[in-house]
Amino acid sequence: MKIFIDSADVDKIREAWGWGIIDGCTTNPSHVAKTGRKHMEVYREILDIVDGPVSLETISLSAKEIVDEGRALAKLHKNVVVKVPVIREGLMAVKQLNSEGIKTNVTVTFSPLQAMLAAKCGATYISPFVGRLDAIGHNGMDCIKQIRTIYDNYAFETQILTAAVRHPLHVLEAALAGSDVITMAYEVLIQLYDHPLTDIGVDIFLKDWAKVPKA
Ligand code: E4P
């Protein structure tokens, strides 16, 4: 499963990229707003750091304007993936952008049928927001499993990008469900490394090593 970092914080992105486990990055308007910086400045820095797909989100609501925005974003760098909300005009734009060879990430997705429509329009990625579904009493991971089944049934090539991830269990469940990609905050990435038995085990080894005669 490919791992993306979900952030617009260039310091966190740079650090996580250095760990060697990140394949790409997803941003959204809320992440960019949190930085307090100009979006183009942030996008260019991320594209300098991350040598992999970088999703940059459109904010227009009509197909024509989304396409115009998408074309402009795609010109920034070969790694740009144009992120488009799964609204009707958005999917029309995705179809057009796909026909021009521009990669897309269909976002703000909450149902397997939205994912099916996105795949029919040639989306490169589909981003179901599992944590936001869980938050209203639905099972976000069921959505991932159903999309996997639909995509496999009809050999859709759109990649499932599990998003709005809240904790390591989401990562485990997404991997078991066959998600192609997962995107998560820096804080969740760090949690993936943690295991108390590893800390205890390393401590025991170091203490025992101290008892080994030296020379
Ligand atoms: C995904 O690409 C989105 O940026 C992100 O995961 C949104 O989720 P959240 O704001 O609920 O964390």
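As shown above, the structure is provided for reference.
A brief report on the enclosed structure follows. (Residues numbered from 1 in each chain as written. Predicted model: local features only at pLDDT ≥ 70, side-chain atom pairs only at ≥ 80, totals over all residues. Heavy atoms only, no water.)

Within helix α1 (residues 10-18), the full set of buried residues consists of Val10, Ile13 and Ala16. One face of α1 carries all of its buried residues, which in axial projection span an arc of 130 degrees. Opposite the buried face of α1, by more than 90 degrees, sit the exposed residues Asp11 and Gly18. Those residues of α1 hidden inside the fold are in contact with β1 (2-6), β2 (24-26), α3 (39-49) and α10 (186-193). The N-cap of α1, judged by a side-chain oxygen 3.0 Å from the amide nitrogen of Asp11 a few residues on, is Asp9. Two residues or fewer past α1, Gly20 is found with a positive phi of approximately 80 degrees. (Buried < 20%, exposed > 50% of the residue type's maximum accessible area, 1.4 Å probe, protein only. Helix = DSSP H or I, 4+ residues; strand = E, 2+ residues; numbered from the N terminus. Arc of directions from axis to C-beta. Contact = heavy atoms within 4.5 Å. Polar contact = N/O pair within 3.5 Å; in protein donor to acceptor, adjacent residues only side chain to side chain.)

Our focus in this paragraph is the packing of aromatic side chains. Taken as a whole, this structure holds six aromatic pairs when the rule is applied. Taken together, a centroid distance of 6.0 Å and an interplanar angle of 70 degrees make the contact between Phe4 and Tyr125 edge-to-face. Taken as a pair, Phe4 in strand β1 and Tyr125 in strand β6 (residues 125-128) lie far apart in primary sequence, 121 residues in all. A residue is classified by how much of its surface remains accessible, and Phe4, at 1% relative accessible area, is buried. For Tyr125, a relative accessible area of 4% gives the class buried. Summarising the aromatic geometry, the rings of Tyr154 and Phe156 are spaced 6.3 Å apart at their centres and angled 50 degrees between planes, so their arrangement reads as tilted. Owing to a relative accessible area of 21%, Phe156 belongs among the partly exposed residues under this scheme. An aromatic cluster is present here, built from Trp19, Tyr186 and Tyr193 joined pairwise through their rings. (Phe/Tyr/Trp six-rings, centres within 6.5 Å; stacked < 30°, edge-to-face > 60°.)

Turning our attention to the sheet that holds strand β4 (residues 80-85). Taken together, the eight strands give a closed barrel; going around it, the order is β1-β2-β3-β4-β5-β6-β7-β8, and neighbouring strands pair in parallel fashion. Pairs of neighbouring strands in the sheet enclose a mean axial angle of 30 degrees, with direction left out of account. Of the strand pairs in this sheet, β2 and strand β3 (residues 54-57) are connected by two bridges, and their pairing is parallel. Of the residues in β3, the one forming a bridge with Cys25 is Val54. Packing of helix α4 (residues 63-74) onto the sheet brings it into contact with β3 and β4, and relative to β4 it is tilted by some 160 degrees. (Pairing = 2+ DSSP bridges. Axes fitted to C-alpha atoms, helices over the stretch in contact; angles between N-to-C directions.)

Here the focus is the site of the ligand. In the region of the ligand, the neighbouring residues are Asp6, Thr26, Asn28, His31, Lys83, Phe129, Arg132, Ala163, Ala164 and Arg166. At 2.7 Å from an oxygen atom of the ligand is found a side-chain nitrogen or oxygen belonging to Arg132. Out of a free accessible area of 340 Å², the ligand has 87% covered by protein chains. Of the residues in the shell around the ligand, the class split is three nonpolar, three polar and four charged. (Near = heavy atom within 4 Å. Areas by Shrake-Rupley, 256 points an atom, 1.4 Å probe, with all protein chains shown as cover. Nonpolar A, V, L, I, M, F, W, Y, C, P; charged D, E, K, R; others polar.)

Taken by themselves, the reported measurements are silent on function.
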